[in-house]
Amino acid sequence: MMAGRLAGRTALITGAGQGIGRAVALAFAAEGARVIATSRSAEKMADLAASDPAMAIREMDVTDRAAVDAVFASAGPVDILVNCAGWVHNGTVLDCSEEDWAKSLDQNVTACFRTIKAALPGMLSRGGGAIVNVASVASSITGVASRAAYGASKAGLIGLSKAVARDFIAKGVRCNVLAPGTTESPSLKDRINATGDPDATRRSFVARQPMGRLGRVEEMAAACVFLASDEAAFMTGTVLVVDGGQTL
């Protein structure tokens with residue numbers, strides 16, 4: 001049996017309770033990584049270990065610096081960090097309160113600052129590591145209606161990723177970005193169902209992609225596996241767009 005592309009490496013995944021983060025945890029485990037799956041709610045990850053008994057489940061609120069530091073301290077050396085946790089605010093600048101703006105920045109970019117800062121010292125001491133930050137095409141890549149705070153925060157995450165890539169390029173640490181298009185997930189379903197006309201809203205989301213469908217979490221996870229693996233060893237500071245043609 002061939003070893004997986006991530007065999008022998010420890011990967012910590014945030015936002016592993018559902019959606020892309022959950023799919024990434026499962027895909028990394030299938031590729032041989034020792035996975036530490038984290039989420040604000042441990043209950044959402046209760047069945048993950050059944051798919052891989054070696055998978056570690058850790059409750060972690062990425063907006064709590066002390067909680068982040070405690071999980072990384074107990075995790076041991078981490079070779080791969082994938083930041084999937086995030087939050088989507090729906091609205092224009094005029095619809096966005098100061099609190100929602102601050103929450104968007106904290107959950108979507110400052111949280112990644114916290115986890116990267118916690119993971120980097122160990123990576124540097126071992127001479128390398130890979131960081132994958134899940135942003136969005138709603139960012140510096142393109143404007144999306146009613147995503148003012150979300151787009152700004154994801155643009156900030158792209159900027160942070162490029163800064164980390166540049167600062168540690170000679171130390172063996174790579175930092176890349178996955179920018180998904182509209183992807184079928186529990187979070188998307190909740191947002192669709194919260195609208196006045198869920199069917200019409202779903203059709204509008206599907207219509208964004210010239211391919212005529214939503215992305216699948218498994219497709220985003222496969223892209224994360226690639227960015228974390230040696231197949232992407234010559235890539236850092238790159239934004240990989242997987243969006244069904246949304247930004248063509």
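Quick note: structure is the one above.
This structure is a prediction, so every number in the text was calculated from the model and none was measured. (Residues numbered from 1 in each chain as written. Predicted model: local features only at pLDDT ≥ 70, side-chain atom pairs only at ≥ 80, totals over all residues. Heavy atoms only, no water.)

K.L.:
What should I look at first to understand the environment of Gln107 in this one?
P.N.:
Residue placement: Gln107 occurs in helix 4 (residues 98–126). Exposure remark for Gln107: the relative accessible area of 12% places this residue in the buried category. The residues contacting Gln107, other than those within four sequence positions of it, are Arg40, Thr63, Ala85, Gly86 and Trp87. (Helix = DSSP H or I, 4+ residues; strand = E, 2+ residues; numbered from the N terminus. Buried < 20%, exposed > 50% of the residue type's maximum accessible area, 1.4 Å probe, protein only. Contact = heavy atoms within 4.5 Å.)

K.L.:
Whenever I open this one, the layout of surface pockets confuses me. Can you help?
P.N.:
By rolling a water-sized probe across the atoms, one finds the places where empty space is left. Within this model, the largest pocket holds a volume of roughly 1,100 Å³. Mapped by element, the contributors of at least two residues to the lining of the largest pocket are helix 1 (19–30), strand 2 (34–39), helix 4, helix 5 (148–167) and helix 6 (186–193). It is helix 6 that contributes the most residues to the lining of the largest pocket, five residues altogether. The residue makeup of the lining of the largest pocket, split by class, is 18 nonpolar, 18 polar and nine charged. (1 Å grid on protein atoms, 1.4 Å probe; cavity = no way out; pocket = protein on both sides within 12 Å on 5 of 7 lines; lining within 4 Å. Points joined across faces, edges and corners; volume = space filled by probe spheres on them. Nonpolar A, V, L, I, M, F, W, Y, C, P; charged D, E, K, R; others polar.)

K.L.:
How should the nonpolar core be read in this particular structure?
P.N.:
Across soluble globular proteins, you tend to see nonpolar side chains buried next to one another. Ranked by size, the top nonpolar core spans 34 residues in total, and within it Ile13, Val24, Phe28, Val35 and Val82 carry the most contacts. Counting residues per element, this core draws most heavily on helix 8 (residues 217–228), which supplies eight residues. Apart from residues no more than four positions distant in its own chain, Val82 is found in contact with Leu12, Ile13, Thr14, Val24, Phe28, Val132, Val134 and Cys224. Formed by 28 residues, the second largest nonpolar core is a distinct cluster that contains Ile36, Met60, Ala119 and Leu157. (Core = buried A, V, L, I, M, F, W, Y, C linked by side-chain atoms within 4.5 Å.)

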